[in-house]
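A structural walkthrough
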Amino acid sequence: MRATTGLLAFAATFSSVSAVYQGFNYGSTFTTGAAKQESDFEAEFKNAQNLVGAPAGGFTSARLYTMIQGGTARDPISAIQAAITTKTSLLLGIWASAGSAVVDNELAALQSAIATWGTAFTSLVAGISVGSEDLYRITSTSAANGDTNPGTQPLELAGYIKRVRDAIANTPLESAPVGHVDTWTAWVNGSNQAVIDACDFIGVDAYPYFQNTMPNDISQNKGLFNDAVSAVQAAVGGKPIWITETGFPVSGKTVGQAVPSLENAKTYWDEVGCALFGKVNTWWFTMQDASPDTPNPSFGIIGKDLTTKPLYDLSCSNVDTSTASSGSSASGSASSSRGSETTSVNVPTSLAGGSPGVGTGLPGSQSSLEATPTGTGSTAAATGTGSGSVGGGSGSNSTGSFVAPTPTANPSATIVPGSGAVALSGSVAAGFLALMGAILIL
């Protein structure tokens, strides 16, 4: 039987939440590499809040990737003052793929922001994300896609999460949720359990557009997204799931059967976005990515110029969100082999045929959304355009099976490009498969 949790069942887990965050992702630089200043962030936040036809509640939240102002060693990012001015809530970001010294600088900027703005700042914080797709970055898929960011091993990342909690102890941010953002495939990889255990929330990045190893035309995207969320739910043991990146491009290259266009972007907005908005904490990708250069693909709902008139209708008032089912009712099988043991379970064909695309890295180009802090020690500066966590990527798998090899001394989250295998390193792999089979499949 197909997975029936869907977006509505997923959204029901948020029924007791007093406020649902709704916004976009914002990088610290423009596509030219120039650092955004306070006035730039303020203009963007105001524009997001006034988008014509926006669903109820509007877009009043911003996800950031770093705490450090571009071009400085450890000054707090100017987006904070812009958020205070515009009353924009913040999902803060700590860059965690550049080593311990850079994390020190991120924490210094965070503590400086608390001291500088006090509750005017801390009252706006939705949560703190320690890292962005760092677990994905240690996979062979990331390397194949040309991502030069090194990523972070699970135990190291879990340690960074603890350091953030220590840094905010006895401050107005002490009770802020602390978690991590990664591709959905990273969350279902058993070797990353230490990070799941360390998180208060699970930030999920999911892009069916990039799943080119199975049918991924626009009619399949809702089902692929729902299956991805269902798989994460099965893997994280009841931890709150926040949708931190998803979207569909308005222009650019065709990936598999997924064709970027205004019409298809609108369909994805209606079928996926409208089922999330107002129900699940969601930061869409993105309001504007052509700033000023247009990436390929481009996901922005506006073009190069800030304007409150979007490229397509954002209204959800006439959209039917009463059902959000999985994309396929048929099922396949997936095997987990560990040593001499083989465990087979039935999985939806939308998973058995390969994992929905994770959309990480923009091969051959750069994104303005992620600025990678560079350097070490007290002089590390948050500059540069970074690699773009939400671009490119070829979709994670081809035909197949979930394979759990014998654990190694240094297990990593391996996603094998083109092999159809998501390698679940570590002794928990078989347990995960059994759990997913019990929850998703009859």
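- The name an unreviewed UniProt entry gives the protein is Probable glucan endo-1,3-beta-glucosidase eglC, with Coniochaeta hoffmannii as the organism.
- Here the protein is described in UniProt, under the heading Sequence similarities (unreviewed entry), as follows: "Belongs to the glycosyl hydrolase 17 family."

1. Examining the overall build of the protein
- Assigned secondary structure in the protein consists of 14 helices and 15 strands.
- Per-residue burial for the protein yields a buried fraction of 60% across its 442 residues.
- Taking contacts inside the protein between residues at least 6 apart in sequence as the whole, the part at least 24 apart equals 73%.
- A total of about 14600 Å² of accessible surface is found on the protein, and carbon and sulfur atoms cover 52% of it.

2. Things to note about unusual backbone geometry
- Here the amide bond leading from Phe 285 into Thr 286 is cis, since omega sits at 5 degrees, within 30 degrees of zero.
- Checked against the element boundaries, Thr 286 lands in the loop between β8 (282-284) and β9 (331-338).
- Note the cis peptide between Ser 291 and Pro 292, where omega equals 0 degrees.
- With respect to the helices and strands, Pro 292 occurs in the loop between β8 and β9.
- Unusually for a residue other than glycine, Lys 87 sits at a positive phi of about 55 degrees.
- The topology assignment puts Lys 87 in the loop between α3 (79-86) and β3 (89-94).
- Residue Asn 170 is not a glycine yet carries a positive backbone phi of 65 degrees.
- Inspection of the secondary structure assignment puts Asn 170 in the loop between α8 (154-168) and β5 (178-183).

3. Let's talk about helix α11 (residues 218-235)
- Compared with an ideal rise of 1.5 Å per residue, which puts 18 residues at 26 Å, α11 spans 26 Å between its outermost C-alpha atoms and is within 8% of the ideal.
- Here α11 lies mainly inside the structure; 15 of its 18 residues are buried.
- Immediately downstream of α11, the backbone of Gly 237 shows phi near 65 degrees, a positive value.

4. Quick look at the nonpolar core
- Counting residues in hydrophobic clusters, the biggest one holds 88 residues, and the most contacted among them are Phe 121 and Trp 269.
- When near neighbours in sequence (up to four residues on either side) are disregarded, Phe 121 contacts Met 67, Ile 80, Ile 84, Leu 90, Leu 92, Leu 110, Ala 113, Ile 114 and Leu 173.
- Membership of the second largest hydrophobic core comes to five residues, among which are Leu 91, Phe 201, Trp 242 and Trp 283.

5. So, the side chain of Asn 264
- For Asn 264, the location among the structural elements is in helix α12 (residues 262-276).
- Among the residues examined, Asn 264 registers a relative accessible area of 13% and is labelled buried.
- Beyond its immediate chain neighbours, meaning those up to four positions away, Asn 264 contacts Ile 218, Phe 248 and Val 259.

6. Quick look at the state of the cysteines
- Throughout the structure, instances matching the rule amount to one disulfide.
- Across a sulfur-sulfur distance of 1.9 Å, Cys 274 and Cys 316 are joined as a disulfide pair. Judged by the sign of its S-S torsion, about -75 degrees, the bond between Cys 274 and Cys 316 is left-handed. Within this pair, whereas Cys 274 is found in helix α12, its partner Cys 316 is found in the loop between β8 and β9, the two being separated by 42 residues in sequence. Both residues of the pair, Cys 274 and Cys 316, count as buried.

7. Some remarks on the environment of Val 103
- Tracing the backbone shows Val 103 in helix α4 (residues 100-117).
- Here Val 103 falls in the buried class, since its relative accessible area comes to 1%.

8. Details of the pairing of β3
- Burial analysis of β3 places six of its six residues in the buried class, which makes it a mostly covered element.
- Regarding the hand of the β-α-β motif, the stretch spanning strand β2 (residues 61-63), α3 and β3 is right-handed.

9. Notes on the side chain of Ser 78
- Mapped onto the secondary structure, Ser 78 falls in the loop between β2 and α3.
- A residue is classified by how much of its surface remains accessible, and Ser 78, at 14% relative accessible area, is buried.
- For Ser 78, the contacting residues outside a window of four places in its chain are Lys 36, Gln 37, Glu 38, Phe 41 and Gln 69.

10. Quick word on the packing of α11 against α12
- In the contact formed by α11 and α12, the axes pass within 9 Å of each other and the chain directions differ by 25 degrees. Taken together, the axis directions place α11 and α12 in an arrangement best described as roughly parallel. Helix-helix and strand crossings are classified by hand; for α11 and α12 the assignment is right-handed. Across the interface between the two elements, Ile 218, Asn 221, Lys 222 and Phe 225 from α11 touch Asn 264, Thr 267, Tyr 268, Glu 271, Val 272 and Leu 276 from α12.
- Residue classes in the contact of α11 with α12 are distributed as five nonpolar, three polar and two charged.

What counts and how
Residues numbered from 1 in each chain as written. Predicted model: local features only at pLDDT ≥ 70, side-chain atom pairs only at ≥ 80, totals over all residues. Heavy atoms only, no water. UniProt positions renumbered as here; feature names shortened; annotations may be inferred. Helix = DSSP H or I, 4+ residues; strand = E, 2+ residues; numbered from the N terminus. Buried < 20%, exposed > 50% of the residue type's maximum accessible area, 1.4 Å probe, protein only. Contact = heavy atoms within 4.5 Å. Areas by Shrake-Rupley, 256 points an atom, 1.4 Å probe, with all protein chains shown as cover. Expected span 1.5 Å × (residues − 1). Core = buried A, V, L, I, M, F, W, Y, C linked by side-chain atoms within 4.5 Å. Disulfide = S-S within 2.5 Å. Right-handed = clockwise from strand over helix to strand, strands pointing away. Axes fitted to C-alpha atoms, helices over the stretch in contact; angles between N-to-C directions. Parallel < 35°, antiparallel > 145°, perpendicular 65-115°, else oblique. Left-handed = near helix turned anticlockwise from the far one by under 90°. Nonpolar A, V, L, I, M, F, W, Y, C, P; charged D, E, K, R; others polar.

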